[in-house]
Amino acid sequence: MTPALDRRAAESLLAFWAEAGIDALYGEESFDRLAEGAERLKAKVRPPSPPPTPLRTVRPAAGPDIAEAVSQARAAAAAADTLEALAEAIAAFEGCPLRHEGARQAVFSRGAADAPLMIIGEAPGADEDAQGAPFVGRAGKLLDRMLAAAGLEGRVFITNTVFWRPPGNRTPTPAEQAICAPFLERAITLVKPRMLLLAGGAPAKAVLKRDEGILSLRGRWFEWKSSDGKLDLPALPTLHPAFLLRQPAAKKKAWLDLLTLTERLDRQGRPE
Ligand code: URA
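Everything numeric here is computed off the predicted structure, so don't read it as measured data. (Residues numbered from 1 in each chain as written. Predicted model: local features only at pLDDT ≥ 70, side-chain atom pairs only at ≥ 80, totals over all residues. Heavy atoms only, no water.)

## Here's the deal with the site of the ligand
Part 1 of the reasoning: Contacts to the ligand come from G121, E122, A123, P124, E128, P134, F135, N160 and H240.
Part 2 of the reasoning: The backbone of F135 places a nitrogen or oxygen atom 2.9 Å from an oxygen atom of the ligand.
Part 3 of the reasoning: Between N160 and the ligand, the recorded distance is 2.8 Å, taken from a side-chain N or O atom to a nitrogen atom.
Part 4 of the reasoning: The protein chains hide 92% of the 230 Å² of surface that the ligand would expose on its own.
Part 5 of the reasoning: Class assignment for the residues of the shell around the ligand results in 4 nonpolar, 3 polar and 2 charged. (Near = heavy atom within 4 Å. Polar contact = N/O pair within 3.5 Å; in protein donor to acceptor, adjacent residues only side chain to side chain. Areas by Shrake-Rupley, 256 points an atom, 1.4 Å probe, with all protein chains shown as cover. Nonpolar A, V, L, I, M, F, W, Y, C, P; charged D, E, K, R; others polar.)

## What about helix α11 (residues 251–269)?
A turn of α-helix holds 3.6 residues, and therefore any two residues three or four places apart point the same way.
Part 1 of the reasoning: Spanning 19 residues, α11 covers 26 Å between terminal C-alpha atoms, matching the ideal 27 Å at 1.5 Å per step.
Part 2 of the reasoning: Restricting attention to buried positions, one finds in α11 the residues A254, D257, L258, L261, T262 and L265. Buried positions in α11, seen along its axis, are confined to an arc of 130° and lie on one side of it. When the buried face of α11 is taken as reference, the exposed residues oriented beyond 90 degrees from it are K252 and L256.
Part 3 of the reasoning: Of the surrounding secondary structure, the elements contacted by the buried residues of α11 are β2 (117–121), α6 (138–149), β4 (195–199), β6 (232–238) and α10 (241–246). (Helix = DSSP H or I, 4+ residues; strand = E, 2+ residues; numbered from the N terminus. Expected span 1.5 Å × (residues − 1). Buried < 20%, exposed > 50% of the residue type's maximum accessible area, 1.4 Å probe, protein only. Arc of directions from axis to C-beta. Contact = heavy atoms within 4.5 Å.)

## A closer look at helix α4 (residues 83–92)
Part 1 of the reasoning: Among the residues of α4, those classed as buried are L83, L86, A89 and I90. Considered in projection along α4, the buried side chains sweep an arc of 115° and stay on one side of the axis. Exposed side chains of α4 directed beyond 90 degrees from the buried face belong to E84, E88 and A92.
Part 2 of the reasoning: In this fold, the buried residues of α4 make contact with α3 (66–78), β3 (156–160) and α7 (174–191).

## Some words on the packing of aromatic side chains
Part 1 of the reasoning: Evaluated as defined, the whole model comprises 5 aromatic pairs.
Part 2 of the reasoning: For the ring pair F163 and W164, a centre distance of 6.4 Å and an interplane angle of 75° mean the geometry is edge-to-face. An identical accessibility class is assigned to F163 and W164; each is buried.
Part 3 of the reasoning: Clustering of aromatic rings is evident, with ring pairs tying together F93, F108, F157, F163, W164 and F183. (Phe/Tyr/Trp six-rings, centres within 6.5 Å; stacked < 30°, edge-to-face > 60°.)

## Quick look at the sheet that holds strand β5 (residues 222–225)
Hydrogen bonds between backbone groups are what pair the strands of a sheet, and the pairing can be parallel or antiparallel.
Part 1 of the reasoning: With mixed pairing, 6 strands are arranged side by side in an open sheet as β1-β3-β2-β4-β6-β5. The sheet is open, and its two borders are formed by β1 (110–111) and β5, each paired with just one other strand.
Part 2 of the reasoning: The sheet strands contacting α7 are β2, β3, β4, β5 and β6, and the helix crosses β2 at an angle near 165°. (Pairing = 2+ DSSP bridges. Axes fitted to C-alpha atoms, helices over the stretch in contact; angles between N-to-C directions.)

## Things to note about the pairing of β2
Part 1 of the reasoning: With 5 of its 5 residues buried, β2 lies for the most part within the structure.
Part 2 of the reasoning: Taken together, the 5 bridges between β2 and β3 define a ladder with parallel strand orientation. Looking across to β3, one finds that M118 is bridged to F157.

Encoded structure:
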């Protein structure tokens, strides 16, 4: 018989277990599995003892239905025939969990609707969330200076892989990116740029469906295809401007990427 524990002793024992990482109990009495196994070996015919009743059932929290959200995003994106209609469809879309995690508004795009270059970043940050346009904070200012220096000012359409600010500026999850992907793809097919610049590891991985890190992907040309196979574009991953603010020595690499891209863009734009 277990001696009755007084309340304070029980609380102190529970606190000790919690400190040790034990947060669920599965039976009232300790269970010697080794002895149980030896017993079974001795008397094979004995029926197995019933499983102990858990004192607390640990269930994973129910997650959002990602497949359902993706299919709703697909339908909403497909119904948008113009960039304005697409912006409205995104603003009205309830299916991305980020929308409900403190974002003030949807942040879709800025730039020329007929731009030859589309730049895809990771996600809106605090400044973008406040102003409703992508890349308007410190990283965006650096991006604008780089674009101007490369002669690309006014020739870009800028957007992100997700359209709501992730809490604490964390990287968007693959599920959040997958839910927003139909809108991003629709934006690409409506603008029909001649090429894509993927700013940072998150957009490079999400758009190209690759696993390598940005330092291995950057500066290499890849092919992006629309899901109906009708549009096929060269895509160049590069370093994110926020990373360049933290690591100024890396600016040289990003600048090289931008020059490579501009050279190809101008070569393509030239009449034969
Ligand atoms: N970083 C991004 O990736 N996108 C923005 O819009 C702003 C900062």
